[in-house]
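Structural overview for review
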Amino acid sequence: FELRLAAYLSDDKELIRQFNEDIDVHQATAALIYGREVDDVTKSMRRDAKVVNFGIMYGLGAHGLVSATGMTYAQAKEFIDKFFEVRPKLQQYIESVKKQAHDMGYVENIFGRRRPTPDVKSSNFMVRESAYRAAVNMPFQGSAADIMKKAMINIQQKLDELTVTSKQSADNQYRMLLQIHDSVIVECPEKSAKAVSKLIKDTMENVIKLPIKLTVD
């Protein structure tokens, strides 16, 4: 979910195309980094690319990649350098977010929700770097969180409509029980499960109009 938003926010048209065409973006990224054909990418290569694809949004550096993959520090640094060579738009976006955090004192998500970033000017290196990581992450995760909230509101409205039109009995209730990150658990009559799952899927996928698909399983 966040990686799709990263593609949109950074205006990485190639990454957007890959998502919209249901291409395995981790495999495609690995192929670019390793200079191989997609079919020649190994599971290990794909795993490393996946770690970086997601990790970049959380401020993953060479040390973090070493811990996650077992690479040497030199290998990890080279891998991240190559990643940004093949994803220059993402690097440009990340740097622009850091600059906004420093110059304007806040970052924001796609709905305009802001997070103050005073600690990016801290004299303490650890505090400063942590603040920059949080600043970079906020537009991705903050946008995802607000999209999810809007999706839940829309889902609840649809479930309320179903409950009104169904028999008012305990076995004809439609309940949203839990939300876990970008997943929703809904309880409904077994006979309605397929129809309700389609309703939820359609509602979530169309909660916001973006140039990139928000595919829901």
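Calculation rules
Within any chain, residue numbers begin from 1 and follow the written order of that chain's sequence. For a predicted model such as this one, the threshold for reporting local features is a pLDDT of at least 70, and the threshold for listing and counting side-chain atom pairs is 80 or more; totals across whole chains, interfaces and linings nevertheless cover every residue. Excluded from the side-chain calculations are hydrogens and water; all other atoms, namely the structure's heavy atoms, are used. Only when DSSP finds a minimum of two bridges between them are two strands counted as paired. Put simply, DSSP marks the helices as runs of H or I at least four residues long and the strands as runs of E at least two long, and each gets a number from the N terminus on. Each residue gets one of three labels from its accessible area relative to the maximum for its type: buried under 20%, exposed over 50%, partly exposed in between, using a 1.4 Å probe on protein chains only. Contacts are residue-level and defined by heavy atoms, with any inter-residue pair within 4.5 Å sufficient. For every residue, the pLDDT score states the predictor's confidence, bounded by 0 at the bottom and 100 at the top. Multiplying 1.5 Å by the residue count of a helix minus one yields the expected span of that helix. Any residue with an atom within 4 Å of a point lines the site, the site being either a cavity, points on a 1 Å grid over the protein atoms alone where a 1.4 Å probe fits but cannot get out, or a pocket, an open set with protein on both sides within 12 Å along at least 5 of 7 lines. Grid points are joined across faces, edges and corners, and a volume is the space filled by probe spheres set on the points. Here the term charged refers only to Asp, Glu, Lys and Arg, the term nonpolar to Ala, Val, Leu, Ile, Met, Phe, Trp, Tyr, Cys and Pro, and the term polar to all other amino acids, Gly among them.

1. Some points on the pairing of strand E3 (residues 175-180)
Here 5 bridges tie E3 to strand E4 (residues 183-187), and the two strands are oriented antiparallel to one another. In the sheet register, leucine 178 faces E4, and the bridge partner there is isoleucine 185. Linking E3 to E4, which pair antiparallel, is a turn of 2 residues; within it histidine 181 sits at a positive phi near 55 degrees.

2. What about helix H1 (residues 2-9)?
By the criterion of burial, H1 is predominantly enclosed, with 6 of the 8 residues buried. Here H1 has its buried residues at Glu2, Leu3, Arg4, Leu5, Ala6 and Ala7. Residues of H1 that are buried sit in contact with helix H2 (13-20), helix H3 (25-34), helix H4 (43-55), helix H7 (88-104) and helix H8 (125-165). Looking one or two residues past H1, aspartate 11 carries a phi angle of roughly 55 degrees, positive in sign.

3. Considerations on the confidence of the model for the protein
Here the protein averages 91 in pLDDT, and 97% of its residues register 70 or above. Within the protein, the lowest mean pLDDT, 84, falls on helix H5 (residues 62-69), and the highest, 98, falls on strand E1 (residues 106-108).

4. With respect to H7
When the terminal C-alpha atoms of H7 are compared, their 24 Å separation across 17 residues agrees well with the 24 Å that a helix rising 1.5 Å per residue should span. Check the buried side of H7 and you find it contacts H1, helix H6 (73-86), E1 and H8. Remark: glycine 105 follows H7 within two positions and exhibits a positive phi of approximately 80 degrees.

5. Let's talk about the layout of surface pockets
Roughly 820 Å³ of volume is contained in the largest pocket. As for the largest pocket, its lining consists of 29 residues, and the residues nearest its centre are Phe1, Asp182, Ser183, Met204 and Thr215. Those elements that place two or more of their residues in the lining of the largest pocket are H1, H3, H8, E4 and helix H9 (193-205). Looking at the lining of the largest pocket, its residues break down into 17 nonpolar, 7 polar and 5 charged. Elements with a minimum of two residues in the lining of the second largest pocket: H5, H6, H7 and H8. When the residues that make up the lining of the second largest pocket are grouped by side-chain class, the tally is 9 nonpolar, 5 polar and 4 charged.

6. Things to note about unusual backbone geometry
Even without being glycine, aspartate 11 reaches a positive phi, approximately 55 degrees. Looking at where aspartate 11 falls in the secondary structure, it is placed in the loop between H1 and H2. In this structure, aspartate 22 takes a positive phi of about 60 degrees despite not being glycine. Among the structural elements, aspartate 22 can be located in the loop between H2 and H3. You can call aspartate 22 exposed: its relative accessible area is 55%.

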